[in-house]
Amino acid sequence: MKNPHQNDTSEKKQIKSRDRVAKRGEVFTAEREVKAMCDLVKDETERIDSRFLEPACGDGNFLAEILERKLKVVTRVYGKKPNDWEKYSIVAVSSIYGIDIMADNAASCRNRLFEIWQTQYEEISKRKISSSQKEETKKTIKYILERNILLGNALSLKEVDENQNDKDSPIIFSEWSLIGLSLKRRDFIFNDLVNKNCKANLISDNGNEAEVFSPVKEFSLVHYRKVYEGESRC
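Residues numbered from 1 in each chain as written. Predicted model: local features only at pLDDT ≥ 70, side-chain atom pairs only at ≥ 80, totals over all residues. Heavy atoms only, no water.

### Looking at helix α7 (residues 103–124)
Between its first and last C-alpha atoms α7 spans 32 Å; for 22 residues at 1.5 Å apiece the expected length is 32 Å, and the two agree. Among the residues of α7, those classed as buried are Asn105, Ala106, Cys109, Arg110, Leu113, Phe114, Ile116, Trp117, Gln118, Tyr121 and Ile124. (Helix = DSSP H or I, 4+ residues; strand = E, 2+ residues; numbered from the N terminus. Expected span 1.5 Å × (residues − 1). Buried < 20%, exposed > 50% of the residue type's maximum accessible area, 1.4 Å probe, protein only.)

Dropping the structure here:
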């Protein structure tokens, strides 16, 4: 016999309130569909450095699934080497991007991704990583998530305030690249990436066109545990 409360429970997982549905059309994708859609690009979700952007990320259903898949790979490859796990888990987190127009969604998404990472990190870092190093790494993860999960309007490509009104400032994303034990940060205007306002069209090694975009800001290389120092490193 069908549970009379089954649909209600499922609906609650997909909406926060009927008012938000009416005003914003906010309906979250169910877990089954999330997993099925991620399976369509399974190989990419299991590449540690493969970048993903969810332009209406909500509280992170897709991004959480992708991060969990990436961290499984990190654990499989580097699980017995805590320092390597730490380094490549940062690469996994830094490859995930999201935009949402609702401030509570963006904050919830950041917190959710951090908790997924932290739960596994606490288990792995019991060995060989000091308390002070762990605190630095946690600050770095939080900093990266602040830069990668943004409050903004994916249609206007601008930041928004807490009332969902567009600001004058464009959405800017940070690109993170691991070089040895350091991370390189470069900031790009999202509008340039979407509208392909690239500096040049070059030919890649495999013979395909490669678009080269100009960053609006570049930062000095910094040890991966020190990324949270942020603007002082430009």
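Following the structure, the description resumes.
### Some remarks on the sheet that holds strand β4 (residues 158–160)
Here we have 5 strands laid out as an open sheet, ordered β1-β2-β3-β4-β5, and mixed in their pairing. Bordering the open sheet on either side are β1 (52–54) and β5 (166–170), each of which pairs with just one other strand. In this sheet, neighbouring strand axes are inclined to one another by 45° on average, regardless of whether the strands run parallel or antiparallel. In this structure, strand β3 (residues 149–153) lies alongside β4, joined through 2 bridges in antiparallel fashion. When the bridges of β4 are listed, Asn153 appears paired with Lys158. Contacts from α7 reach β2 (96–100) and β3, with the element oriented near 160° to β3. (Pairing = 2+ DSSP bridges. Axes fitted to C-alpha atoms, helices over the stretch in contact; angles between N-to-C directions. Contact = heavy atoms within 4.5 Å.)

### What about the environment of Leu145?
Residue placement: Leu145 occurs in helix α8 (residues 131–148). Taking the C-alpha atoms as reference points, Leu145 and Asn111, separated by 34 residues in sequence, lie 8.7 Å from one another.

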